[in-house]
Amino acid sequence: MSHPNEKGHGHFDAVVVGAGFAGLYMLYRLRRLGLTARVFEAGDGVGGTWYWNRYPGARCDVESMQYSYSFSEELQQEWQWTERYPKQAEILRYINHVADRFGLRPDIQLNARVNSARYDQSDNHWTTTSERGDRVTSRFLIFASGCLSAARVPDMQGLADFKGKWYHTGSWPHEAVDFTGQRVGIIGTGSSGIQSIPQIAKQAAQVVVFQRTPNFSIPAWNRPLPQQEQQAWKSKYAERRKEAKTTRSGILYDYSQFASADVSELERQQEYERRWAKGGANYTHAFNDIYSNKKANDDAAEFVRNKIRNTVKDPEVAKLLAPTDHAIGTKRICVDTDYYETYNQQHVSLVDLKASPIEAIAADGIRTTAGLHEFDSIVFATGYDAVTGALDRIDIRGKGGQALKEKWTAGPRTYLGLMTVGFPNLFLITGPGSPSVLTNVIMAIEQHVEWIADCLQHMQATNLAVAEPTQQAEDDWVAHVNEVASKTLFTGTQSWYMGANIPGKPRVFLPYIGGLGTYTNICNGVVADGYRGFNFEARLSTSDHQPNRLPIHQPLQTA
Ligand code: NAP
């Protein structure tokens, strides 16, 4: 194995792309299998999302006690969180702690952005290269490159001419940015915008928010997390984790067993009020048909719109902030601290881009069809090329030189979100067609990493060299992913789940919405059926030059 500071030119059992939550745990499991591995990471530190997203107010909206690894009881017992929702710096400290605690750093190459990966069918090896000149071969290639890691600055004419400073929330500078006394324009009102706007408004002299589409946001009611409360949770950590993994989202929410129409109007309003007072994304689980029944959804949405109207003093601004274009929850619900209240401040204003779209970035600010807004700084909270973006930015070529991007021109195609036909031994952690972004992603990551590790162990134990899904299994899975999504209200919304935020991206529902618990059962069933839907190729020995294909395909059965 080469030294981590040298340019890699070796051969490894596995190459892992990305050193966030997924990459670190994958490395840990590869080592336990006795496999050699090299992790390539673009940043100069580990942490992935939490390494890059250093914008003011960056915080996870899954609660601290749940947004952490569950694979090590010692780790989850020893780590102390400080607040109900963890802030970026604390999560980054946690990930660094994990890297040190399990001695992972020697196998991680930092500052090495992977730019290509090519499969050679003659020897069943992947060759992976990085922008800084690494070139390594491996039997397995595992993408842990994240679903929300390809930050996107929209194509806006004139940005290069802007005289002030501009930032994207997803690649924020390491040093603190001081907006004191500045005029700041913020484009985007998704989770990142909604978190950063109140914080930037605390410093800036003037804040103008450019909103194209409003989002629903529920108060976080963040607070310190007392030692006693943590201890109470930790005393049942193992069983709580086990239960969380059986749920739809991998989060122990208060999931209602009742449909919205099962209760009276008064009870319904009381339930929404109760959930609003508790805070967080738990709100959309008030009734079990909010995601599938338009009437139930309308009621849940109207309650939030009323809260916005009651909070924001200017009725015109309140009207603009109250979403009416999509069903609540079908765009990722936001969780905030003082978001709506911020618009009551004199120095904060809202521009409706539907009424006056941005024409260009000018040297002095942002020009809309209504005129020029002058700024010292511009913040792009404009999101990501989600789920497939990080993969698309790498030239990945499988059998016969086929580019993954080309294969996925009409939308990503995978079997279980884990593998894709034509790209043998290439595994995706939280890939398209898996629950990924619809879950507490650490639970989804653990499930995928453990499935992949078990598959590699199976291959080791049975002397198999190559794994690849069958075409039939992939086709059936893609059909199933689409069918399940079509039964929900999600597919009627133009969201990043659908690729709708990227011009030209196919409109396909990217994650699997059947729920983490159901999905885990499906994956376990596939294994129990002898890796149903996968073909394996036996390892070549000197006396056996013919690859021995072991078809293990049966029609896909789903739960
Ligand atoms: P996002 O949800 O995609 O929001 C991007 C915002 O920018 C939208 O309001 C979008 O408007 C706007 N926008 C994009 N291009 C634009 C353009 N050309 N002109 C004007 N406006 C434009 O991105 P995000 O806020 O970074 O969040 C992405 C995801 O990351 C979240 O949904 C969540 O899953 C995750 N996240 C989580 C947390 C947390 O845990 N608290 C925090 C941040 C992010 P349109 O809606 O009209 O496209």
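In what follows, the structure referred to is the one given above.
First things first, this report covers the structure right here in the doc. Keep in mind it's a predicted model, so treat the numbers as computed, not measured.

Turning to helix α15 (residues 471-486), a few remarks are in order. Taking 1.5 Å of rise per residue, the 16 residues of α15 would be expected to cover 22 Å, and the 23 Å separating its terminal C-alpha atoms lies within 8% of that figure. Residues of α15 that are buried: A473, E474, W477, V478, H480, V481, V484 and A485. Angularly, the buried residues of α15 cover 160° about the axis, an arc narrow enough to put them on a single face. Along its buried surface, α15 packs onto α13 (404-407) and α16 (516-528).

Counted according to the given criterion, the structure contains 32 salt bridges. With a closest N to O distance of 3.1 Å, R59 and E83 form a salt bridge. Of this pair, R59 sits in the loop between α2 (49-52) and α3 (73-78) while E83 sits in the loop between α3 and α4 (88-101), and the two are 24 residues apart along the sequence. In this structure R59 comes out as partly exposed when scored by relative accessible area, which is 22%.

This next bit is on the packing of aromatic side chains. Applying the stated criterion across every chain yields a total of 45 aromatic pairs. An aromatic cluster of at least three residues, connected via ring pairs, comprises F21, Y25, Y28, W50, Y67, Y69, F71, W79, W81, Y94 and F102. Above the face of the Y51 ring, R54 is positioned so that its terminal group lies 4.8 Å from the ring centre. The ring of W233 has R240 sitting right over it, with the charged end atom 4.3 Å from the ring centre.

Here the focus is helix α1 (residues 21-32). Since one α-helical turn is 3.6 residues long, residues separated by three or four positions face the same way. Over its twelve residues, α1 runs 17 Å from end to end, which matches the ideal 16 Å to within 8%, given 1.5 Å per residue. When you tally the buried positions in α1, you get ten out of twelve residues, the bulk of the element. For α1, the full list of buried residues reads F21, A22, G23, L24, Y25, M26, L27, Y28, R29 and L30. A positive backbone phi angle near 80° is found at G34, which sits one or two residues after α1.

This part is about the sheet that holds strand β7 (residues 165-168). Read across the open sheet, the five strands follow the order β7-β16-β8-β9-β12; overall the sheet is parallel. This sheet does not close on itself; its edge strands, each paired only once, are β7 and β12 (348-352). In this sheet, neighbouring strand axes are inclined to one another by 20° on average, regardless of whether the strands run parallel or antiparallel. Of the strand pairs in this sheet, strand β8 (residues 183-187) and strand β16 (residues 377-380) are connected by four bridges, and their pairing is parallel. Bridge pairing in β16 places V184 opposite S377.

The strand order across the open sheet built from three strands is β13-β14-β15, with neighbouring strands paired in antiparallel fashion. The strands lining the two open edges of the sheet, one partner per strand, are β13 (358-362) and β15 (371-374). Across this sheet, the average inter-strand angle for adjacent strands is 20°, counted without regard to direction. Of the strand pairs in this sheet, strand β14 (residues 365-368) and β15 are connected by four bridges, and their pairing is antiparallel. Along β15, the bridge assignment pairs R367 with L372.

The next subject is the pairing of β8. For β8, a buried count of four out of five residues is recorded, marking the element as mostly surrounded by other parts of the structure. Across five bridges, the pairing between β8 and strand β9 (residues 206-211) is parallel. Each residue of the ladder has a partner; that of R183, found in β9, is Q206. In this view, the connection linking β8 to its parallel neighbour β9 by way of helix α5 (residues 191-203) has right-handed handedness.

What counts, and where the lines are drawn
Residues numbered from 1 in each chain as written. Predicted model: local features only at pLDDT ≥ 70, side-chain atom pairs only at ≥ 80, totals over all residues. Heavy atoms only, no water. Helix = DSSP H or I, 4+ residues; strand = E, 2+ residues; numbered from the N terminus. Expected span 1.5 Å × (residues − 1). Buried < 20%, exposed > 50% of the residue type's maximum accessible area, 1.4 Å probe, protein only. Arc of directions from axis to C-beta. Contact = heavy atoms within 4.5 Å. Salt bridge = Lys/Arg side-chain N within 4 Å of Asp/Glu carboxyl O. Phe/Tyr/Trp six-rings, centres within 6.5 Å; stacked < 30°, edge-to-face > 60°. Lys NZ or Arg CZ within 6 Å of the ring centre and 35° of its normal. Pairing = 2+ DSSP bridges. Axes fitted to C-alpha atoms, helices over the stretch in contact; angles between N-to-C directions. Right-handed = clockwise from strand over helix to strand, strands pointing away.

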